[in-house]
Every structure is written in structure tokens, then in C-alpha cells.
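What follows is each chain in one-letter form.
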Amino acid sequence: MKFTQRGVVAGTAMAGLVCAAVALAPAAGAAGTSGSVPAASSGTARVAPAKAAPAKAAKAVKAAAAYNNACGTGYGVVNSAPIGTAGTVYLTYSATTKKNCVVTVRANPGTAVHMTASLGLGSHPDTVVDQGNYTTYAGPVYLYAPGQCVSWRGEIAGAVAGKNETNCSALAR
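Basis of the calculations
- Throughout, a residue's number is its position along its own chain's written sequence, starting from 1.
- pLDDT decides what is reported in this predicted model: residues at 70 or higher carry local features, side-chain atom pairs at 80 or more are listed and counted, and totals for whole chains, interfaces and linings draw on all residues regardless.
- In computing side-chain values, all of the structure's heavy atoms are included and hydrogens and water are not.
- By the criteria applied, helices consist of DSSP H or I runs no shorter than four residues and strands consist of E runs no shorter than two, each listed in order from the N terminus.
- Working definition: with a 1.4 Å probe on protein chains only, accessible area under 20% of the residue-type maximum means buried, over 50% means exposed, and in between means partly exposed.
- Between two residues, a contact is recorded if the distance between any of their heavy atoms is within 4.5 Å.
- We call a set of buried residues a nonpolar core when its members are Ala, Val, Leu, Ile, Met, Phe, Trp, Tyr or Cys and they connect through side-chain atoms within 4.5 Å of each other.
- Two strands are said to pair when DSSP picks up at least two bridges between them.
- Simply put, an axis is a line fit to the C-alpha atoms, just over the touching stretch for a helix, and the angle between two N-to-C directions goes from 0 to 180 degrees.
- Only a pair of cysteine sulfur atoms within 2.5 Å qualifies as a disulfide here.
- Salt bridges are defined by distance alone: a side-chain nitrogen of Lys or Arg within 4 Å of a carboxyl oxygen of Asp or Glu.

A. How the structure looks around the overall build of the chain. Counting its regular elements, the chain contains two helices and 10 strands. Ordered by position in the sequence, the α and β elements of the chain form the string β-α-β-α-β-β-β-β-β-β-β-β. Counting all 173 residues of the chain, 31% fall into the buried class. When contacts within the chain are restricted to residue pairs at least 6 apart in sequence, those whose partners lie at least 24 apart make up 48%.

Here you go:
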């Protein structure tokens, strides 16, 4: 009997078998085998190597829109959050200026829609905001905050994403 990954698994018992196969597959690769693991007692059950499922499960959520370098030279992406399929909000940082920057980028530019890019210190209510009806992106907005937690968010046509009190690292000093 051989278990293989299926696009859709129906039933709790089958889901358990697929989970067991995924859990065993990394051990097969670590043992240097050809990609199968014999059953402990019968030797008849083999588990196909789990190639696609574990890799996809471990990957971060793909950004709906690529970063557009709107913050300028020297700013690198340090965090991001997808806004559904509408786009992505990016938090960037420049070690030279010690400033954070936020920009919200649409996945499919087109007719102007309400967009927001905002950035603030930790949970402090005062934030730097750029909002309006834009076709491509909102922002950039900048904040000098070396070594301090920042809260940031983006909005595209009512869909919102962002994170509170992140990137508190002493590396950003």
C-alpha cells in the first residue's frame, strides 16, 4: 500500500494518514534513504516523499504586490502583510537615516480607490498617515524610531492589514 499526497482529502481517517505521511517524510530524507520509509512491523506500507506540501506549509504568505522602492534608496523591507489579494503593506528601514517607512502597494493598479499607509510608535495613538484615493500606492510615510517598536498598517478599498508593536530590535538602533 502506498500513500501519496492528494489535492483534496475527504474524511478524518484519510486526513490522519496524510498527516502521518507528511510527518514521516522528513525522517526519510534525513536517514539518506531513497525517499521511502518501510512500515515498522509489516514492511509493506511505504510513504512517498512529501515534497510540495511541507515546503509550502513552511513558506511565508506570498505578497500580493511586490515592493516598489517608494521609500527610496537605502530602505530595505523588514516586514510586510498581505492585504488579501488587493495588495501588500510594507515596513522598511534605513540604517543610515534610522527611519522606518511604510508604503501600501496595490496588486492590480487601476481606478483610484481609498488607500492608507500609517506608521506610529508602539501602541501610541499618534501616527503618520497618508490617505486618499490612489491608483497604485499610498505612502511613503516616515518615522524616526531607532530601537523602538512600531505599529503600522495599510488599507486598500476597505481591506486592512498591518501589525502592532513590531520590529523592536536593538539592531535598528
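B. Structural context of the nonpolar core. If you look at the biggest cluster of nonpolar residues, it comprises 16 residues, and the most contacted ones within it are Val-89, Leu-91, Val-102, Leu-119, Val-150 and Trp-152. Of all elements in the fold, only strand E3 (76-83), strand E4 (87-94), strand E6 (113-121), strand E8 (137-144) and strand E9 (150-156) reach the threshold of two or more residues within this core. In this view, Leu-91 contacts Gly-76, Val-77, Val-78, Asn-79, Asn-100, Cys-101, Val-102, Leu-119, Val-150, Trp-152, Thr-166 and Asn-167; residues no more than four positions away in its chain are not counted. Tyr-75, Tyr-90, Cys-101 and Val-103 belong to the second largest nonpolar core, which has eight residues in total.

C. Fine view of the sheet that holds E3. Overall, antiparallel pairing links the four strands, which are arranged E3-E4-E5-E8 in an open sheet. Each edge of the sheet is formed by a strand with only one pairing partner; in this case those strands are E3 and E8. Neighbour-to-neighbour, the strand axes of the sheet open up by a mean angle of 15°, direction not taken into account. Relative to E4, E3 runs antiparallel, the two sharing seven bridges. Within the sheet, the bridge partner assigned to Ser-80 lies in E4 and is Tyr-90.

D. Structural detail: the state of the cysteines. In the structure shown here, the tally under the stated rule is two disulfides. The side chain of Cys-71 participates in a disulfide bridge whose partner is Cys-101; the two sulfur atoms lie 1.9 Å from each other. Across the disulfide from Cys-71 to Cys-101, rotation about the S-S bond amounts to roughly -80°, and the bridge is consequently left-handed. Within this pair, whereas Cys-71 is found in the loop between helix H2 (52-58) and E3, its partner Cys-101 is found in strand E5 (residues 99-106), the two being separated by 30 residues in sequence. Look at Cys-71 and you get buried, because its relative accessible area is 4%. Two residues, Cys-149 and Cys-168, share a disulfide whose sulfurs are 2.0 Å apart. In this structure the cystine formed by Cys-149 and Cys-168 twists about its S-S bond by roughly 120°; its chirality is therefore right-handed. Of this pair, Cys-149 sits in the loop between E8 and E9 while Cys-168 sits in the segment after strand E10 (159-166), and the two are 19 residues apart along the sequence. Using a relative accessible area of 26% as the deciding quantity, one classes Cys-149 as partly exposed.

E. Inspection of the environment of Tyr-93 at higher detail. Along the chain, Tyr-93 turns up in strand E4. Separated by 18 residues in the primary sequence, Tyr-93 and Tyr-75 place their C-alpha atoms 5.1 Å from one another.

F. Examining the pattern of salt bridges more closely. By the definition in use, this model includes one salt bridge. Its salt-bridge partner being Glu-155, residue Arg-153 comes within 3.6 Å of it at the nearest N-O pair. Overall, the relative accessible area of 14% leaves Glu-155 in the buried class.

G. Spatial organisation of the side chain of Thr-92. With respect to the helices and strands, Thr-92 occurs in strand E4. The residues touching Thr-92, leaving out its near neighbours within four places in the chain, are Tyr-67, Cys-71, Tyr-75, Gly-76, Val-77, Val-78, Lys-99, Asn-100 and Cys-101.

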